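# Secondary and tertiary structure notes
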Amino acid sequence: MPHHLPLKAALKRGALIAAANWPLVVVQFIAEATLKILLAVPVIGGLFLVVLLLGAEVDDLLAGDVRDIVASVFAALRANPVAFAAYATAFLFVLLGGSALTFVVKGGTMALLAEAEATAGPIERPPLRLEAVRRAGRVHIDPFLDGCKRLWRRYLRLGGCLLIAYLVTAAVYLLFIVGGYALAENTPVILGWTVLAALASSVLVVWITLINLIYLLMQMIIAVEDVSVRTAAGHVLDFMRGSLREIAAIFGIVLLLVVLATVASILATAGLGLIAFVPLVGLAVVPLQVAAWLMRGFVFQYLALTALGGYLAQYRLYARSTDAVHTLRVARPHISA
């Protein structure tokens, strides 16, 4: 028995399983959108706090995009340590609470998707039949809640490890960047340090991507094998050593699709911006932008579940081949005897 699927078959299987369980796409989108909205609340609250208590100018704070607004709010709050401590505490609580919600919801999603992949049969083989796709659907409220209940503790621990990894990575990166610029005094050194900073940013992107991939694979293995976080880490390392090419191929194709979807979204947003100033026609821009935002979110979530379905298919075959090899090795001494 082969221990992996061809890339096309794995992606097709993942896409069909994600399509058959399309409500999970909506659930994941709502969970992540809720986290973003929750994180926007302390930002807006900090804006009012800065304006009302610290006497800052509204025009200065609202100048620029969202990142500029957040930076302006933090800069203004640093002048008042008490206000800054209260704001940071509130932001931390919202971040932890919203992240915990997404981690728990992911448990139900992962449990249903793993069950769907295990019972779908050879759905990726032609001919493609609608009835086979319908049978692959496993979305029901009770199994979803059971998955959340069964996995939430382990997913919270795993999510906490992810947040700690993010925090440590951000601290090391900022220390490297800020410390390097502080040591660079003359122009040649600054130019060289700028190149190093750009390389460090590239390494940061690769590192964050690798962390997210390992995090996703650990979620998958915890749901499939029903093991602890520590045991799942060992299984992930074994799986990546045994099927690195297959994992990288799925990841690369899905990443390319995400990049293409992002470029298309940016072009669509720019096109809508061109008609925003046209009288009457510009009134249609807001609902079109909302529709584009929803479409982009659903597409990204569908691609994520497609990749997850491909990983599940590859891991299932890898685990079966590993078990078969282990059984054969155990049986050989008895045969020799």
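Computed from a predicted model, the values in this text were never measured in an experiment. (Residues numbered from 1 in each chain as written. Predicted model: local features only at pLDDT ≥ 70, side-chain atom pairs only at ≥ 80, totals over all residues. Heavy atoms only, no water.)

### What about the overall build of the chain?
Note the cut-off: Helix and strand assignments follow DSSP, with helices taken as H or I runs no shorter than four residues and strands as E runs no shorter than two, numbered in order from the N terminus. Whether a residue is buried, partly exposed or exposed follows from its accessible area with a 1.4 Å probe, protein chains only, as a fraction of its type maximum: under 20%, in between, or over 50%, in that order. We call two residues in contact whenever any of their non-hydrogen atoms come within 4.5 Å of each other. The accessible surface values rely on the Shrake-Rupley method and a 1.4 Å probe; as for residues, cover is taken only from the protein chains in view.
Along its length, the chain carries 11 helices and 0 strands. For the chain, the sequential pattern of α-helices and β-strands runs α-α-α-α-α-α-α-α-α-α-α. For the chain, the residues scored as buried account for 34% of the 337 residues in total. Look at the contacts in the chain between residues 6 or more apart in sequence, and 78% of them connect residues 24 or more apart. As displayed, the chain offers around 20,000 Å² of accessible surface, 73% of which is attributable to carbon and sulfur atoms.

### With respect to the side chain of S321
Operational definition: For this analysis, a polar contact is any N or O atom pair within 3.5 Å, provided that within protein one partner can donate a hydrogen and the other can accept it, and provided that sequence-adjacent residues contribute only side-chain to side-chain pairs.
Position of S321 among the secondary structure elements: in helix α11 (residues 285-336). Judged by its relative accessible area of 18%, S321 falls in the buried class. A distance of 2.8 Å separates the side chain of S321 from the backbone oxygen of Y318, its partner in a polar contact.

### A few points about the confidence of the model for the chain
Applied cut-off: As a per-residue quantity, pLDDT reports the predictor's confidence and falls between 0 and 100.
Looking at the chain as a whole, the pLDDT averages 81, with 76% of positions reaching at least 70. Here helix α3 (residues 58-61) stands out as the element of the chain with the lowest mean pLDDT, 57, in contrast to helix α1 (residues 7-20), whose mean of 92 is the highest. Low pLDDT, under 50, characterises residues 333-337; the stretch is placed with 0 contacts to residues that sit more than four places away or in other chains.

### Considering a nonpolar patch on the surface
Applicable threshold: A residue counts toward a patch only above 30% relative accessible area and without a salt bridge, and it is joined to like-charged neighbours within 9 Å or, for Val, Leu, Ile, Met, Phe, Trp and Tyr, to nonpolar neighbours within 5 Å. Throughout this description, the term salt bridge denotes a Lys or Arg side-chain nitrogen within 4 Å of a carboxyl oxygen of Asp or Glu.
Residues L7, I253, L256, L257 and L260 make up a contiguous nonpolar surface patch of about 410 Å² in total accessible area. The biggest single contributor to the nonpolar patch is helix α10 (residues 244-274), with 4 residues. Position of L7 among the secondary structure elements: in helix α1.

### Looking at the pattern of salt bridges
In this structure the tally under the stated criterion is 8 salt bridges. A salt bridge links E124 to R13; its shortest N-O distance comes to 2.7 Å. Separated by 111 residues along the polypeptide, E124 in the loop between α5 (81-119) and α6 (130-135) and R13 in helix α1 bring together distant segments of the chain. We note that E124, like R13, is buried.

### Details of unusual backbone geometry
Backbone phi values are negative for most residues with the exception of glycine, while trans is the configuration of most peptide bonds. Omega for the peptide link from P126 to P127 comes to 0°, which places this bond in the cis form. Here P127 is to be found in the loop between α5 and α6. Look at D226: it is not a glycine, yet its phi comes out positive at around 55°. Note that D226 resides in the loop between α8 (187-225) and α9 (229-242). A relative accessible area of 43% means that D226 is categorised as partly exposed.

### Points about the environment of Y302
Turning to its location among the elements, Y302 is positioned in helix α11. Along the chain, Y302 and L24 lie 278 residues apart, while their C-alpha atoms are 8.7 Å from each other. Excluding anything up to four places from it in sequence, Y302 contacts A15, A18, A19 and V25. Here the side chain of Y302 touches A15 through a polar contact of 2.8 Å, landing on its backbone oxygen.

### Let's talk about the nonpolar core
So the rule is basically this: In this text, buried Ala, Val, Leu, Ile, Met, Phe, Trp, Tyr and Cys residues form a nonpolar core when linked through side-chain atoms within 4.5 Å.
Residues L217, M220, L308 and Y311 are the most contacted members of the largest nonpolar core, which totals 58 residues. Tallying contributions element by element places α11 first for this core, with 11 residues. Excluding anything up to four places from it in sequence, Y311 contacts L213, L216, L217, M220, F239, I247, I250 and F251.

### Here's the deal with the packing of aromatic side chains
Quick note on the threshold: Each pair of aromatic rings taken from Phe, Tyr and Trp, with Trp reduced to its six-membered ring, is defined by centres within 6.5 Å and is described as stacked if the planes are under 30 degrees apart, edge-to-face if over 60, and tilted in the remaining cases.
One pass over the full model with this rule turns up 5 aromatic pairs. Taking the centre distance of 4.7 Å and the plane angle of 55° together, the rings of F29 and F298 count as tilted. Of this pair, F29 sits in helix α2 (residues 23-53) while F298 sits in helix α11, and the two are 269 residues apart along the sequence. Between Y315 and Y318, the ring centres sit 6.4 Å apart and the planes meet at 40°, which makes this aromatic pair tilted. With Y315 and Y318 both in helix α11 and 3 residues apart, this pair spans about one turn of that helix. For the pair shown, Y315 and Y318 are each scored as buried. Cluster of aromatic residues (ring-pair linked, three or more members): F239, Y315 and Y318.

### Description of the environment of L257
Tracing the sequence through the fold places L257 in helix α10. Take L257: its relative accessible area is 38%, and that puts it in the partly exposed class.

### Regarding α1
Put simply, the rule reads: Here the expected span of a helix is defined as 1.5 Å times the quantity of residues minus one.
Here α1 is 14 residues long and its end C-alpha atoms lie 20 Å apart, about the 20 Å a rise of 1.5 Å per residue gives. The set of residues buried in α1 consists of A9, A10, L11, R13, G14, L16, I17, A18 and A20.

### Looking at the environment of A31
One can find A31 in helix α2. Of the residues examined, A31 reaches a relative accessible area of 7% and is grouped as buried.

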